[in-house]
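# Descriptive structure summary
Chain residues, written in single-letter form:
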Amino acid sequence: MEIISVINYKGGVGKTTVTSNLAAELAYRGKNVLVLDMDAQASLTFSFITPDFWDAYIKENKTIKSWFDCISQGNQTMPLSDLRIRPEVVNNYLSKHGKGCLDIISSHLGLINVDLELATLLGGASPQQTQKKHLKVHGKLREELLALGEQMNYDIVLIDCPPNFNIVTKNALIASDKILIPAKPDYLSTLGIDYLQKSVNSLVSDYNWYASKDDEYDEVNPEIMGVVFTMIQITSRKPIAAQQQYISQTRRLKVPVFDVHFRENKTIFADAPRNGMPVVLNYYSNVTHSDIVDEISDFVDEFESNLE
Ligand SMILES: Nc1ncnc2c1ncn2[C@@H]1O[C@H](COP(=O)(O)OP(=O)(O)O)[C@@H](O)[C@H]1O
Ligand SMILES: [Mg+2]
């Protein structure tokens, strides 16, 4: 099983859109996929389940917030399998036309407060306690995702991260084997990529320093898989010059960049979440849609070949 975090410091760059489409296409091809929504905005959650369903059955005690609450309150965490659900619309489609399945662990708007509570937990301890707490507060998710993966036979876990570097995000990164960075090719979105790389390195080296002194925790090594550009404007079959400039610049940062990108199409991408079906599994009604579906499928080819 591979655990992959999808992250960028910036919001609105297409993280959730990339996550939902990648997950759906992988499931269609036969992978058993779990998506974990760690962003308090819960966009990924609402791309697969309706707000009414979430309100009635998920909100109270079936989101990742409940799990983090246990940690910050010093209680035993519930098994992640208690939080996992199999969203109906997409799995109805997958069971007829695909080979795999897609499960989700949902988010909660209140997840934003969890960071503060976890940070409080880390303060005011002796050096010995600090080491244990640091490992528990940052490393517990990996341990439990590995257990869930084994139990449910998942091939891939995709974690949709919030646009920050707080403790919840750090849990996702520590849990991950690989990191995928969606970015818009513009000044502000690409600015953060170099910085993100440095932040990940320092997070990992701190964590591994503690882990090396504790038998219970293994060292980790999340690897940056690459940047996938989103919202590309195409002219004469190529990204417009203003965007190409940032794509070339990012390639010079020594971070891998995917050859395939997601092109911009507001109409097609904006509507899909409301129907509970990512774009890549929707019926195409016109040529543009089928071009976009082909492109996402090419991206998933590239993604899978990078995993090997
Ligand atoms: N390729 C695209 N073309 C046009 N609009 C897009 C594209 N990808 C995402 N969007 C839209 O941009 C907004 C932000 O995308 P989202 O995936 O939620 O970003 P993030 O998770 O980084 O905040 C959403 O309204 C989404 O529908
Ligand atoms: Mg998002």
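The paragraphs below set out a description of the structure included in this document. Computed from a predicted model, the values in this text were never measured in an experiment.

### Remarks on the overall build of the protein
From N to C terminus, the protein includes 12 helices and 9 strands. Here the protein has a C-alpha radius of gyration of 19 Å; the compact-globule value for 308 residues is 19 Å, and the two agree. For the protein, the spread of C-alpha atoms along the three principal axes comes to 60 × 45 × 35 Å. By the burial criterion, 55% of the 308 residues in the protein qualify as buried. Taking contacts inside the protein between residues at least 6 apart in sequence as the whole, the part at least 24 apart equals 78%. Only carbon and sulfur atoms are counted for the fraction: they give 48% of the accessible area of the protein, which is about 14100 Å².

### Regarding the packing of helix H4 (residues 64-72) against helix H7 (residues 127-152)
Look at H4 against H7: their axes get within 11 Å of each other, and the N-to-C directions meet at 125 degrees. For the element pair H4 / H7, the angle class is oblique. For the pair H4 and H7, the sense of crossing is right-handed. Judged by residue contacts, Ile64, Trp67 and Ile71 of H4 engage Lys140, Leu141 and Glu144 from H7. Tallied by class, residues from the contact of H4 with H7 come to 4 nonpolar, no polar and 2 charged.

### Quick look at the site of ligand 1
Close contacts around ligand 1 come from 14 residues, with Gly12, Lys15, Thr16, Thr17 and Arg263 the closest. Interatomic distance of 3.0 Å between a backbone N/O atom of Gly14 and an oxygen atom of ligand 1. A distance of 2.8 Å separates a nitrogen atom of ligand 1 from a polar backbone atom of Arg263. Expressed as a share of its isolated accessible area of 560 Å², the protein-covered part of ligand 1 is 80%. Residue assignment for the shell around ligand 1 shows that the elements contributing at least two residues are helix H1 (15-28) and helix H11 (266-271). A class-by-class count of the residues in the shell around ligand 1 yields 4 nonpolar, 6 polar and 4 charged.

### Concerning the pairing of strand S1 (residues 2-6)
Extensive coverage of S1 is indicated by the burial of 4 of its 5 residues. As paired elements, S1 and strand S5 (residues 156-160) share 5 bridges and run parallel to each other. Bridge pairing in S5 places Ile4 opposite Leu158. Alignment of S1 against strand S6 (residues 178-183), held across 3 bridges, turns out to be parallel. Note that in S6 the partner of Ser5 across the bridge is Ile179.

### Here we look at the environment of Ser212
Tracing the backbone shows Ser212 in the loop between helix H9 (187-211) and strand S7 (223-229). Relative accessible area serves as the criterion here: at 45%, Ser212 is assigned to the partly exposed category. Along the sequence, Ser212 and Gly110 sit 102 residues apart, while their C-alpha atoms lie 34 Å from each other. A polar contact of 2.8 Å, which involves the side chain of Ser212, links it to the backbone oxygen of Trp209.

### Things to note about a nonpolar patch on the surface
Residues Tyr187, Leu188 and Leu191 make up a contiguous nonpolar surface patch of about 340 Å² in total accessible area. Its location among the elements puts Leu188 in helix H9.

Conventions and cut-offs
- Residues numbered from 1 in each chain as written.
- Chains lettered and ligands numbered in written order.
- Predicted model: local features only at pLDDT ≥ 70, side-chain atom pairs only at ≥ 80, totals over all residues.
- Heavy atoms only, no water.
- Helix = DSSP H or I, 4+ residues; strand = E, 2+ residues; numbered from the N terminus.
- Rg over C-alpha atoms; globule rule 2.2 N^0.38 Å.
- Buried < 20%, exposed > 50% of the residue type's maximum accessible area, 1.4 Å probe, protein only.
- Contact = heavy atoms within 4.5 Å.
- Areas by Shrake-Rupley, 256 points an atom, 1.4 Å probe, with all protein chains shown as cover.
- Axes fitted to C-alpha atoms, helices over the stretch in contact; angles between N-to-C directions.
- Parallel < 35°, antiparallel > 145°, perpendicular 65-115°, else oblique.
- Left-handed = near helix turned anticlockwise from the far one by under 90°.
- Nonpolar A, V, L, I, M, F, W, Y, C, P; charged D, E, K, R; others polar.
- Near = heavy atom within 4 Å.
- Polar contact = N/O pair within 3.5 Å; in protein donor to acceptor, adjacent residues only side chain to side chain.
- Pairing = 2+ DSSP bridges.
- Patch = residues over 30% accessible without salt bridge, like charges linked within 9 Å, V, L, I, M, F, W, Y side chains within 5 Å.
- Salt bridge = Lys/Arg side-chain N within 4 Å of Asp/Glu carboxyl O.

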